Amino acid sequence: MGGGGPEKTLLDFLTEYYSDQLQSIILSSDNRLHYPIYVDFAEVMEHDSPLAHEILFEPTEYLPVFDNAAKLAQETVYEKVKEIWKHESCNEGVDRPPPSIKEFVHVRIEIRGPMLDNPEFCPSIGRVRVKHRGILLTLKGTVIRSGAVKMIEGEREYECRKCKYRFKVHPELESRNSIPKPMFCPSKKQKYCESTSFQLLEGNKVCHDYQEIKIQESTQVLGVGAIPRSIPVILQDDLVDVVKAGDDVIVTGVLTAKWSPDLKDVRCDLEPVLVANYVRRINEIKLDIEIPDEVILQFKNFWSEFKEAPLSGRNAILRAICPQVYGLFTVKLAVALTLIGGVQHVDASGTKVRGESHLLLVGDPGKSQFLKFAAKLSKRSVITTGLGSTSAGLTVTAVKDGGEWMLEAGALVLADGGLCCIDEFDSMREHDRATIHEAMEQQTISVAKAGLVTTLSTRTIVFGATNPKGQYDPDQSLSVNTTLSGPLISRFDIVLVLLDTKNPDWDKVVSDHILDQVETENDKFHEDISKKWPLSLLRRYIHFVKGYFRPTLTKEAENVISRYYQLQRRSATENAARTTVRMLESLIRLAQAHARLMFRNEVTRLDAITAILCIESSMTTSAIVDSFGNALHSNFTDDPDQEYATQEEQILAKLNSPDYIISI
């Protein structure tokens, strides 16, 4: 398909389907140089299937034709736009700048829907091969490196000294965007010129904004032991600076190759690179967690069944968290509340109070199991260990690439909007642990490395696990027992100490449970749990309640939280960090998370008291409810609603006692 055919077809297509975008571009007065038109590829396919096929397999030839058609389409709708401009100017009585046809308009092709599941055109980054070269390719990944925006020469115009023929020469990507000097005159006249002498026309240079980023495939889709692969992506013109390190993106572009930098003692190879046509951030649109209407109806029906006994319904959900681990009700509740989180609050001055909660498990048994299971439940997660992590690996590192310094995202930045699990927290060096203070509280990382000064977003849930320093001493503070500093511990909303107190009855129950798991016929109870709340459904439930509910505190809940906080402030305690404003914020976050877990949009007294019980569990012995003290020996009760009624009575009696001071 050649000649003027494709351009005319694309011109008609843009005029018919995208006249609104064309009009807004013509009327735009923001003085930009480059303007995008976002085109859905499915509509091109519907309009002209053969032409869509050509665009897919010959993008380097047809995308410039599409861009030219967009420029011509402006002229088609220009008169209509002029009338709109005159009408609006008269009505508003404002002297608005007249509409103008923009010189640089780029068609950005968006691939959506079923095509994203086609491995031929949308492979994983690790499966990109030579066969994909030269076709319109779509890749999904996370931005791990973002280079500086540069200016490159887009084309040079030469004139033949012999026949005066003018022609343009474009840069060669393979040779790192250098523009080669023409070897002979490309004139197509009957008699070939064959001249080798040319004059550069200085006034006709065209320059482009240029940026290189690197995207890495998600670790969620990889098997155990697989190394996540990455690929450089070239952004130009209006695409530069639209994404930053840590963003999840879908990139559509053309796969080509370029020579690797010429370094001493390093073999020079052709490395694959994707020249982007379109970039879409998908931080908010998680394609891997789709929740159909029938699943939402299933959630509503579930809570209708437990309308009279809501805590029994809650416990049914909690049992599905790490079902292979017996009991540990308090830990499972803490994991659920941490993953769900509270509501971010922004005051009038723009100051943000985070909605994400952080959890720290202290002790030996079962910690890593919870970390791995929590990572499966989160829509985005990164697992690391303290022993193999440095401050640069957790936050951001400066790397030199081709003579230029770039920032490469670390674990906390890559987990932005998700979960970062750090096992063996105590193995990290002190100054490495100190670097995550800002990331946990302000949810940003301020960087000043190699002349690069910036701030990166880390809206991340931190789930840590650490071992006590030798035998845990209940008489000493948590910071002494764990070698973690007080300011770092205070940033965790819940700190659960799993103390093995050598209880013979508990040991008998746990050993029976482990032996029962070996016999499959005795494991029907856990089978029922996995059938009722399988991992995929539990994952969807957490994702749904986080996005759907924004709970607000009722007066009853406010009163309970306020009373508890005031009593804690009055108490004489060694752990002063736990009695600061941070504890009040933690209480509110946990109460909001519990309301979400209970499928509600308001925080009731039940949620507030449950939040208090979680905070109390962060202490080795509970001052309010003694049975809630040891998180390791906490178990699911047969009648949680009746147990809660007893706990509520005890807590309210002590909170309302004017002389009662809580001792920690």
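Residues numbered from 1 in each chain as written. Predicted model: local features only at pLDDT ≥ 70, side-chain atom pairs only at ≥ 80, totals over all residues. Heavy atoms only, no water.

Some points on the overall build of the protein
If you tally the helices and strands in the protein, you get 22 helices and 23 strands. Of the contacts formed within the protein by residues at least 6 apart in sequence, a portion of 73% connects residues at least 24 apart. Summing over all exposed atoms, the protein offers an accessible surface of approximately 32200 Å²; the carbon and sulfur share of this is 51%. (Helix = DSSP H or I, 4+ residues; strand = E, 2+ residues; numbered from the N terminus. Contact = heavy atoms within 4.5 Å. Areas by Shrake-Rupley, 256 points an atom, 1.4 Å probe, with all protein chains shown as cover.)

Quick word on the packing of aromatic side chains
Enumeration over the complete set of coordinates arrives at 19 aromatic pairs. The interplanar angle of 65° and the centroid separation of 5.6 Å between the aromatic rings of tyrosine 38 and tyrosine 278 together place this pair among those described as edge-to-face. Of this pair, tyrosine 38 sits in strand S1 (residues 34-40) while tyrosine 278 sits in strand S10 (residues 270-281), and the two are 240 residues apart along the sequence. When the ring of tyrosine 548 is compared with that of phenylalanine 549, the centres are 4.9 Å apart and the planes differ by 90°; the resulting orientation is edge-to-face. Pairwise contacts between aromatic rings join Phe299, Phe302, Trp303, Phe306, Trp533, Tyr541, Phe544, Tyr548, Phe549 and Phe599 into one cluster. (Phe/Tyr/Trp six-rings, centres within 6.5 Å; stacked < 30°, edge-to-face > 60°.)

Here's the deal with the side chain of histidine 34
Within the secondary structure, histidine 34 sits in strand S1. Side chain to side chain, histidine 34 and aspartate 237 meet in a polar contact 3.2 Å long. For histidine 34, the contacting residues outside a window of four places in its chain are Phe104, His106, His208, Asp237 and Asp238. (Polar contact = N/O pair within 3.5 Å; in protein donor to acceptor, adjacent residues only side chain to side chain.)

Looking at the pairing of strand S7 (residues 206-216)
Of all the 11 residues making up S7, 8 are buried; the element is thus mostly covered by neighbouring parts of the structure. Pairing of strand S3 (residues 136-146) with S7, which is carried by 4 bridges, proceeds in the antiparallel orientation. The residue bridging arginine 145 from the neighbouring strand is lysine 214, located in S7. As paired elements, strand S4 (residues 150-160) and S7 share 5 bridges and run antiparallel to each other. Its bridge partner lying in S7, glutamate 155 is registered against valine 206. Note: S7 against strand S8 (residues 230-236), 7 bridges, orientation antiparallel. If you follow glutamine 211 over to S8, its bridge partner there is leucine 235. (Buried < 20%, exposed > 50% of the residue type's maximum accessible area, 1.4 Å probe, protein only. Pairing = 2+ DSSP bridges.)

Some details on the pattern of salt bridges
Applying the stated rule across the entire model yields 9 salt bridges. Between glutamate 159 and arginine 166 there is a salt bridge, with the nearest N and O atoms lying 3.1 Å from each other. Put simply, aspartate 607 and arginine 600 hold a salt bridge, and the shortest N to O gap is 2.7 Å. Classification of arginine 600 as partly exposed rests on a relative accessible area of 21%. Because the salt bridges share partners, they merge into one network encompassing Arg354, Glu441, Asp493 and Arg589. (Salt bridge = Lys/Arg side-chain N within 4 Å of Asp/Glu carboxyl O.)

A look at helix H21 (residues 605-617)
The end-to-end C-alpha separation of H21 is 18 Å, in line with the 18 Å expected for 13 residues at 1.5 Å each. Of all 13 residues in H21, 12 are buried, a share of seventy percent or more. When we look at burial in H21, the residues that qualify are Leu606, Asp607, Ala608, Ile609, Thr610, Ala611, Ile612, Leu613, Cys614, Ile615, Glu616 and Ser617. (Expected span 1.5 Å × (residues − 1).)

Some remarks on the environment of proline 123
Mapping proline 123 onto the fold places it in the loop between strand S2 (104-110) and S3. A C-alpha to C-alpha distance of 8.1 Å links proline 123 and leucine 137, two positions 14 residues apart in sequence. For proline 123, the residues in contact, after removing those within four places along its chain, are Asn118, Val128, His132, Leu137, Thr138 and Leu139.

With respect to helix H8 (residues 329-340)
When the terminal C-alpha atoms of H8 are compared, their 17 Å separation across 12 residues agrees well with the 16 Å that a helix rising 1.5 Å per residue should span. All buried positions along H8 are accounted for by Phe329, Thr330, Val331, Lys332, Leu333, Ala334, Val335, Ala336, Leu337, Thr338, Leu339 and Ile340.

What to know about the confidence of the model for the protein
Caution is warranted with low-pLDDT regions, since their predicted coordinates should not be read in detail. On average, residues of the protein score 76 in pLDDT, and 80% of them are at 70 or above. Low pLDDT, under 50, characterises residues 620-628; the stretch is placed with 31 contacts to residues that sit more than four places away or in other chains. pLDDT under 50 marks residues 660-664. Its contacts with residues more than four places away, or in other chains, come to 16 contacts. (pLDDT = per-residue confidence, 0-100.)

As for the pairing of S2
S2 sits mainly inside the fold: 6 of its 7 residues count as buried. Alignment of S1 against S2, held across 7 bridges, turns out to be parallel. Across the sheet, residue tyrosine 35 finds its bridge partner in S2, namely valine 105.

A word on the packing of H8 against helix H9 (residues 367-377)
In helix packing, the relevant descriptors are the interaxial angle and the interaxial distance, both defined with respect to the helix axes. Close contact between H8 and H9 brings their axes to 11 Å; oriented N to C, the two are set at 35°. Classified by chirality, the crossing of H9 by H8 is right-handed. For the pair H8 and H9, contact is made by Val331, Lys332, Val335 and Leu339 and by Phe370, Ala374 and Leu377, respectively. (Axes fitted to C-alpha atoms, helices over the stretch in contact; angles between N-to-C directions. Left-handed = near helix turned anticlockwise from the far one by under 90°.)

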